[in-house]
Amino acid sequence: MQQYFYLKKEDLGDLLSEINKSHALFIPSKKDDDYIYLSFSQLQPEEIIYSIYRGVEPIKSFLTHSREIVNEYFQSFDSSAEAKPIAVFGVKNCDLSSLTLQDFVFEQGIEADPIYKKRRENLLIISSDCTGFKKTCFCLAVGNKPYPEKNFDINLSPINNGFVVEVGSSKGETLIRRLSQYFTAATTGQIAGSKIKRDNVVNDLSQHLASVNMPPKDALQKNVREGYESGVWKEQMLTCVECGACNFICPSCHCFLLADDMRENKSRRIRIWDSCLYANYSRVAGGANPLNTRAKRLRNRFMKKFDFFPDNLGQFGCTGCGRCIEACPAKIDIREVLKALAKK
Ligand code: SF4
Ligand code: SF4
């Protein structure tokens, strides 16, 4: 099947409305300077917009929930509220890139997580290019582009009066076939136009990152490794209040806790997102805690993101989305930690 199509701007709402008939569709809605995902069914036609940059919620929120009963959920999967598959519109590349990490953890180990696997198979991803960026975005500094390259079903790249639509998977191909009335073959001029827009965003973001003074991507792993004994971890963590916000908002973080309890004479197993910056994150039953200081916990976080993942997966465990910078009440900025390590 052909890979590039054209969608008229005025047809976007109708296309999403059609997708919402077969899926529970979520789309970004503008709130001040942010985009929050809302159910398509909650929105008025004039509220259907194209998001310029990534939303507040990471895409992992659609795949593992912050707190959920996992044994009962799986037993009743087919009759659950999720029987209608989820579709997400406006997913940006920092989130698509995080899916490679989430898939590695939840699907590619000794056992695949059955809940994650089912949700991932069912998830329809309609991604889109970033046409701007937040001051906190730094995807280019960790090797990601501000436009999708993989892990999407279809991708929308805006051009003057519409979108170049790229097909990224067989699921995307099926969607285009089913709703073929909205698509025509994209011309080479339209494809070239979308590439020019992409290049412009890359140039603007590169200039922004040069002004922020980010260390070179190829030095990040070495800086983190060589900074193992440095005082940076302690200095940076003086203000941390161990709220876990940086982990929970991060599209790449994936640690969780399992707990059992009884409710109405039925046992339940609950899965809860965990935070590697919590004091008890690594405490074992006997009371020993190898990560017993905030400095050690921050170092562990960076070792995993900038040393373990490049070695094991060929990409950083940070996609440069900048969400943790905005979420941290203590104003701890991942870019400043990386810059401080580069100076040591
Ligand atoms: S560590 Fe921060 S910037 Fe990197 S992916 Fe996670 S939330 Fe985004
Ligand atoms: S968001 Fe900030 S204060 Fe909260 S755990 Fe993370 S680094 Fe600490």
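On a predicted model such as this, the values are computed, not experimentally measured, just so you know.

### What to know about empty space enclosed by the protein
- Taken as a whole and assessed by the stated rule, the structure comprises seven cavities of 30 Å³ or more.
- One number sums up the size of the largest cavity: a volume of about 170 Å³.
- Forming the walls of the largest cavity are 18 residues, and the residues nearest its centre are Cys246, Leu277, Arg301, Cys328 and Ile332.
- Where the lining of the largest cavity is concerned, the elements lending two or more residues are helix H9 (245–248) and helix H10 (294–313).
- Residue classes in the lining of the largest cavity are distributed as 15 nonpolar, one polar and two charged.
- Each pocket or cavity is described by its volume, and for the second largest cavity that value is around 140 Å³.
- The wall of the second largest cavity is formed by 15 residues, among which Cys253, Cys255, Cys276, Lys304 and Lys305 lie closest to the centre.
- Counting residues per element, the lining of the second largest cavity draws most heavily on H10, at five residues.

### A closer look at the sheet that holds strand S8 (residues 162–167)
- With mixed pairing, eight strands are arranged side by side in an open sheet as S3-S2-S5-S6-S7-S8-S1-S9. Of all strands in the sheet, those bounded by a partner on one side alone are strand S3 (34–39) and strand S9 (183–185). Each strand axis lies, on average, 30° off the axis of its neighbour in the sheet, ignoring direction.

### Concerning the site of ligand 2
- Taken together, Cys240, Val241, Glu242, Cys243, Gly244, Ala245, Cys246, Leu277, Cys328, Pro329, Ala330 and Ile332 make up the full set of residues adjacent to ligand 2.
- Applying the majority rule of atoms within 2 Å of the grid points places ligand 2 in the largest cavity.
- Taken together, the residues that form the shell around ligand 2 break down as 10 nonpolar, one polar and one charged.

### Considerations on the site of ligand 1
- Close to ligand 1 lie 14 residues, the nearest being Cys250, Cys318, Cys321, Gly322 and Cys324.
- Breaking the shell around ligand 1 down by element, the ones donating at least two residues are H10 and helix H11 (323–327).
- Grouping the amino acids of the shell around ligand 1 by side-chain chemistry returns seven nonpolar, four polar and three charged.

Rules and cut-offs
- Residues numbered from 1 in each chain as written.
- Chains lettered and ligands numbered in written order.
- Predicted model: local features only at pLDDT ≥ 70, side-chain atom pairs only at ≥ 80, totals over all residues.
- Heavy atoms only, no water.
- 1 Å grid on protein atoms, 1.4 Å probe; cavity = no way out; pocket = protein on both sides within 12 Å on 5 of 7 lines; lining within 4 Å.
- Points joined across faces, edges and corners; volume = space filled by probe spheres on them.
- Helix = DSSP H or I, 4+ residues; strand = E, 2+ residues; numbered from the N terminus.
- Nonpolar A, V, L, I, M, F, W, Y, C, P; charged D, E, K, R; others polar.
- Pairing = 2+ DSSP bridges.
- Axes fitted to C-alpha atoms, helices over the stretch in contact; angles between N-to-C directions.
- Near = heavy atom within 4 Å.
- Sits in = over half its atoms within 2 Å of the grid points.

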